[in-house]
Amino acid sequence: MSVLPLVFTSGWASGINAYAVVLLLGLFGATGLTDEVPESLQRTDVLIVAGVLFLCEAVADKIPYVDSVWDTAHTVIRPIAGAVVAALLAGESGSLPELAAGAVGGSTALMSHLVKAGTRMAVNTSPEPFSNVVLSVAEDLGVAGVITFAMFNPVAAAVVAGVLLLLGIVTVVLLAKKIRRFLRRRAQRREEKRLASGGRPSG
């Protein structure tokens, strides 16, 4: 079960930025920093694709409302990525069944993704872009720091990831009112667009 802390940590991080996790783990494995990373994540083509997508996320994640659209599109992608990375890590170590690892990684990624998406909805009730930038940078640094820490002390890193996940859940609960306000505004904009489109004269 020695790989379980790394599986949990990578799952939490994948829910926030799956591309950063794949990129970091691949680089750590390719440079020989750890033997826990499977060769499939160290491939040059995988690293290039992960790097490009990471840059795309780094931009989209800092633009108000665009970040929420990006999060919606990644509601499926991030949990799947967390499950796949976890299964690969388990297969490499042989200390945890791959199916169980995938379940842990995927479910943890889903929870952290929902926390991130909910927090962004609350932040987007404010028109200024600075909160988005600060929050995005903090998330990127947090993922990089925790994943790097996990290479040297996976158990302690898993504890940190667990605490951050718990704090995130509490934060989303406290921000529930703002999240509902964001959802109402989005529904209202969609209804206005629908009415505007339906009200145009034909021909």
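Residues numbered from 1 in each chain as written. Predicted model: local features only at pLDDT ≥ 70, side-chain atom pairs only at ≥ 80, totals over all residues. Heavy atoms only, no water.

K.L.:
Please provide a residue-by-residue account of a negative patch on the surface, values included.
P.N.:
Together, Asp35, Glu36, Glu39 and Glu92 give the surface a local cluster of negative charge. Looking at where Glu39 falls in the secondary structure, it is placed in the loop between helix 1 (4–30) and helix 2 (44–60). (Patch = residues over 30% accessible without salt bridge, like charges linked within 9 Å, V, L, I, M, F, W, Y side chains within 5 Å. Areas by Shrake-Rupley, 256 points an atom, 1.4 Å probe, with all protein chains shown as cover. Salt bridge = Lys/Arg side-chain N within 4 Å of Asp/Glu carboxyl O. Lys, Arg positive; Asp, Glu negative; His and termini not counted. Charge placed at Lys NZ, Arg CZ, Asp CG, Glu CD. Helix = DSSP H or I, 4+ residues; strand = E, 2+ residues; numbered from the N terminus.)

K.L.:
Lay out the packing of helix 1 against helix 2 with the relevant residues and their values.
P.N.:
Viewed as axis vectors pointing N to C, helix 1 and helix 2 meet at an angle of 145°, and their least axial separation amounts to 9 Å. Read as a crossing pair, helix 1 and helix 2 show a hand that is left-handed. Of the residues in helix 2, those touching helix 1 at Ile16, Asn17, Tyr19, Ala20, Val22, Leu23, Gly26 and Leu27 are Val46, Leu47, Ala50, Gly51, Leu53, Phe54 and Glu57. Tallied by class, residues from the contact of helix 1 with helix 2 come to 11 nonpolar, 3 polar and 1 charged. (Axes fitted to C-alpha atoms, helices over the stretch in contact; angles between N-to-C directions. Left-handed = near helix turned anticlockwise from the far one by under 90°. Contact = heavy atoms within 4.5 Å. Nonpolar A, V, L, I, M, F, W, Y, C, P; charged D, E, K, R; others polar.)

K.L.:
Describe in detail the side chain of Asp61, supporting the description with residues and values.
P.N.:
Looking at the secondary structure, you find Asp61 in the loop between helix 2 and helix 3 (66–73). The class of Asp61 is buried, set by a relative accessible area of 1%. Within the local environment of Asp61, its side chain forms a polar contact with the side chain of Lys116, the two groups lying 3.2 Å apart. Setting aside chain neighbours within four positions, we find Asp61 in contact with Asp67, Asp71, Lys116, Arg120, Asn132, Ser136 and Glu139. (Buried < 20%, exposed > 50% of the residue type's maximum accessible area, 1.4 Å probe, protein only. Polar contact = N/O pair within 3.5 Å; in protein donor to acceptor, adjacent residues only side chain to side chain.)

K.L.:
Could you give me a rundown of the environment of Ser126, with the residues and numbers involved?
P.N.:
Position of Ser126 among the secondary structure elements: in the loop between helix 5 (98–123) and helix 6 (130–152). Take Ser126: its relative accessible area is 24%, and that puts it in the partly exposed class. On a C-alpha basis, the gap between Ser126 and Phe182 in space is 9.5 Å, while along the polypeptide they are 56 residues apart.

Take it as geometry only, folks, not as evidence of what the structure does.
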